[in-house]
Amino acid sequence: MADVTLTIDGQSVTVPQGTTILQAAKMRLGMELPHYCYHPGLSIAGNCRICLVEVEKMPKLVTGCSTQCGEGMVVHTQSARAKEGRGGVLEIMLTNHPLDCPICDQAGECKLQDYYMTVGMHDNHVVFPKVHKKKIVPLPPHIVLDQERCILCSRCVRFCQEITKTNELTIAMRGTHSEIEAAGDGTIDNGYAGNLHEICPVGALTSTDFRFQARVWWLKSHKSVCPGCSTGCNTWVDDRRGEVKRLRARENASVNQWWLCDEGRYGYKSINAPDRLKTARVKKTDATSGTAIGEVWARLKTIAAKKGGFAGIASAQASNEDLFVFRRLVAHMGGVADFRIDDSLTKTQTRVDEILRRADKNPNTTGAKLLGFGDGPGVEAILKSAAEGKISALYVLDADRFDAAGWTDKLRAVRTKIEFVVMHATRECGALDLADVVLPAATYAEKDGTFTNYEGRVQRFWRAIRPIGDARADGAWLATICAEFDAADAALAKPAAAFNAVASETPALGDLRWEMIPAEGALIAPGAAPKDKVG
């Protein structure tokens, strides 16, 4: 496509034909024109008109979001006429807007507040009563609508039309009485409703989950990756004083664009769950970390010396780094391992819908497979060997998932045949009663690491909060044990060292290094994944 050259505020810029003035200003000059209705993931509506600019030889101001750049065009975004136009638009928007900023969850993230300080700053000219609308309109299960705050930018309507294609919302009535309305009983349960309050620029749509939980300026934001399925959507983890308050979509054009499913968005509550495991246990009794790890090492050393059978059961919830250190332990013990506690391996490529969700509810099935855990005998075969007295020590990396997948009763049936059982877990579960030693594990929000998603994209996630109680990353616990076999393994407690060790031993990762993983993730062995399909 041919390029066009134009001038914006005295600066010459060249952009591809079809680029709008708003996009050109941001792309080439880093200039953010005010906007409400424009969103890069939705169609252009041009109805809020707050992005007005002056273009020479055009009789009227034009909207920057919908006007395409032309060859030789001269644009003024800061002329007195353009500023007056934008100020007038904002004043009209505020005519009937309620002054409830002190109790609005959008305060601190509200574009009306932001633009009033940069575009408005005008006196109140309203001499007639404001038009009042409904203040609390439940749109279950995740959204509350405040019709008075709405500026009718139509982002939410277009999201339901263009992204989910479910059409729950529309703009009804006319003039100043226009308002957002929901069809039917008002339920918006399309699996992506949380995006509506995230793209609303003014607090008209808020989250039932986050309402009145925290002012946004108290929150700290951390980059992360959703562990809810094999898509690996990029997220922001927002916490206040070590407690996770919400997840938000983090833009990654290669993975999730600007969106996040509800299952992933609201799945963070397991991090703050009241049944989190905070201390280690030995024989069902709370113990210090030192006592527990000493017991594990002493028992494994004895079993290794007499060449007793060892089996490990991993999990696709674990990071690449944790899985690598687990593989080291299995090698030191001369045992076998697998991770197929469910049928995730057969579902990794199966989509639940055409947007983001996948049937495999693990973030790292591809990583576990690349590390060789899919080449083991299978969990069923491991338990069968245990029943035959061939397994002296069993190490379960993710007791939560092991229990949820229905393996606890099967292990219970053969438990007396196994001399020693170790389990890692983040929360209480029925399987823990079968363990000689239980080690509290950190969640993904409490550690650094990488996941490899369904298409083979290695993505980093960052520690957002400190681990609860004595919990540690799985890799940290395992590195301490492995160091008793090989002192050099102690370094693997650090995710960066573990990842670089993984890369050096895994051909598919090539020359990739921890510090080289790009923001959008590194796609390894592209094209190697099976053909995508919708299940």
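The structure we're discussing is the one just above.
Residues numbered from 1 in each chain as written. Predicted model: local features only at pLDDT ≥ 70, side-chain atom pairs only at ≥ 80, totals over all residues. Heavy atoms only, no water.

**With respect to the overall build of the protein**
Filter applied, for reference: Put simply, DSSP marks the helices as runs of H or I at least four residues long and the strands as runs of E at least two long, and each gets a number from the N terminus on. Using a 1.4 Å probe on the protein chains alone, a residue whose accessible area is under 20% of its type maximum counts as buried, one over 50% counts as exposed, and one in between counts as partly exposed. By the convention used here, residues are in contact when the closest approach between their heavy atoms is within 4.5 Å. The Shrake-Rupley method, run with a 1.4 Å probe, gives the accessible areas here. Residue values count only the displayed protein chains as cover. All tallies of charge rest on Lys and Arg as positive and Asp and Glu as negative; His and the ends of each chain are not included. Each charge is placed at NZ for Lys, CZ for Arg, CG for Asp and CD for Glu.
For the protein, the count of helices and strands is 15 helices and 25 strands. Its C-alpha atoms give the protein principal-axis dimensions of roughly 90 × 50 × 40 Å. A burial count over the protein gives 55% of its 535 residues as buried. When contacts within the protein are restricted to residue pairs at least 6 apart in sequence, long-range pairs at least 24 apart make up 66% of them. When the accessible area of the protein is evaluated, it comes to approximately 23200 Å², of which 52% is carbon and sulfur surface. Of the side-chain charges in the protein, 66 are positive and 64 negative, and the distance between the mean point of each set is 1 Å.

**Observations regarding the side chain of D436**
As a reminder, the rule being used: Each polar contact in these results corresponds to two N or O atoms within 3.5 Å; when the atoms are within protein, one needs to be able to donate a hydrogen and the other to accept it, and residues that are neighboring in sequence are counted only if both atoms are side-chain atoms.
Following the sequence through the fold, D436 ends up in the loop between β20 (420–425) and β21 (437–440). Engagement of the side chain of D436 in a polar contact is seen with the side chain of R415, the distance being 2.7 Å. When neighbours within four sequence positions are excluded, D436 is seen to be in contact with R281, V282, K283, R415, E419, F420 and V421.

**Topic: empty space enclosed by the protein**
Note the threshold: Grid spacing is 1 Å over the protein atoms alone, the probe is 1.4 Å, and a cavity is where that probe fits but cannot get out, while a pocket is an open set with protein on both sides within 12 Å along at least five of seven lines and lining residues have an atom within 4 Å of a point. Grid points are joined across faces, edges and corners, and a volume is the space filled by probe spheres set on the points. By the convention adopted, Pro, Cys, Tyr, Trp, Phe, Met, Ile, Leu, Val and Ala count as nonpolar, Lys, Arg, Asp and Glu as charged, and the other residues, Gly among them, as polar.
The final tally for this structure, using the stated rule, is 6 cavities of 30 Å³ or more. Roughly 100 Å³ of internal volume is contained in the largest cavity. Contributing to the lining of the largest cavity are 14 residues, with C150, C153, C156, C200 and A204 lying nearest its centre. In the lining of the largest cavity, the residues fall into 12 nonpolar, 1 polar and 1 charged. Taken as a whole, the second largest cavity encloses approximately 80 Å³ of empty space.

**Quick word on the nonpolar core**
One recurring pattern in soluble globular proteins: nonpolar side chains tend to sit buried together. Spelled out, the test is: Among buried residues, the Ala, Val, Leu, Ile, Met, Phe, Trp, Tyr and Cys ones that are joined through side-chain atoms within 4.5 Å form a nonpolar core.
Among the nonpolar cores identified, the biggest contains 49 residues, and L300, L329, Y395 and L439 are the most heavily contacted of them. Among all residues touching L329, those that are not within four sequence positions of it are L300, F310, Y395, L478, I481, C482 and F485. In terms of nonpolar packing, the next biggest core, distinct from the first, is built from 44 residues, Y36, L112, Y192 and W259 among them.

**Comments concerning the packing of aromatic side chains**
The criterion, for reference: Stacked, tilted and edge-to-face are the three classes assigned to paired rings of Phe, Tyr and Trp, where Trp is represented by its six-membered ring and a pair needs centres within 6.5 Å; plane angles under 30 degrees give stacked, over 60 edge-to-face, the rest tilted. Lysine and arginine charges are scored as sitting over a ring when NZ or CZ, respectively, is within 6 Å of the ring centre and within 35 degrees of the ring normal.
If you walk through the whole model with that rule in mind, you get 9 aromatic pairs. Measuring from centroid to centroid gives 5.2 Å for Y36 and Y115, while their planes differ by 70°, and the two rings are edge-to-face. Residue Y36 is located in the loop between α1 (21–29) and β3 (52–55), and its partner Y115 is located in helix α3 (residues 111–120); the two are separated by 79 residues in the primary sequence. Residue Y36 shares its accessibility class with Y115, and that shared class is buried. Here the aromatic cluster, defined as three or more aromatic residues joined through ring pairs, consists of F159, W258 and W259. Just above the ring of W236 sits the side chain of R250; from NZ or CZ to the centre is 5.9 Å.

**Remarks on the sheet that holds strand β10 (residues 205–207)**
Basically, it comes down to this: Here, a strand pair is defined by DSSP locating no fewer than two bridges between the strands. Only the stretch in contact is used when a helix axis is fitted, and all axes are lines through C-alpha atoms; the angle between N-to-C directions ranges over 0 to 180 degrees.
Taken in spatial order, the 3 strands make up an open sheet running β6-β7-β10, and their pairing is antiparallel. Each edge of the open sheet is held by one strand with a lone partner, namely β6 (137–139) and β10. Neighbour to neighbour, the strand axes of the sheet diverge by 30° on average, direction disregarded. Here β6 runs beside strand β7 (residues 143–145); their pairing, made up of 3 bridges, is antiparallel. Each bridged residue has a counterpart across the sheet, and for P138 the counterpart in β7 is V144.

**Here we look at the pairing of strand β1 (residues 3–8)**
With burial as the criterion, only one face of β1 is covered, namely that bearing V4, L6 and I8; the residues D3, T5 and T7 on the opposite face remain uncovered. One ladder, built from 6 bridges, connects β1 with strand β2 (residues 11–16); its direction is antiparallel. Note on β2: the bridge partner recorded for D3 is P16. Hairpin connection from β1 to β2: 2 residues lie between these consecutive antiparallel strands, with D9 at a positive phi of about 50°. By the bridge criterion, 2 bridges tie β1 to strand β5 (residues 74–76) in an arrangement that is parallel. In the sheet register, I8 faces β5, and the bridge partner there is V75.

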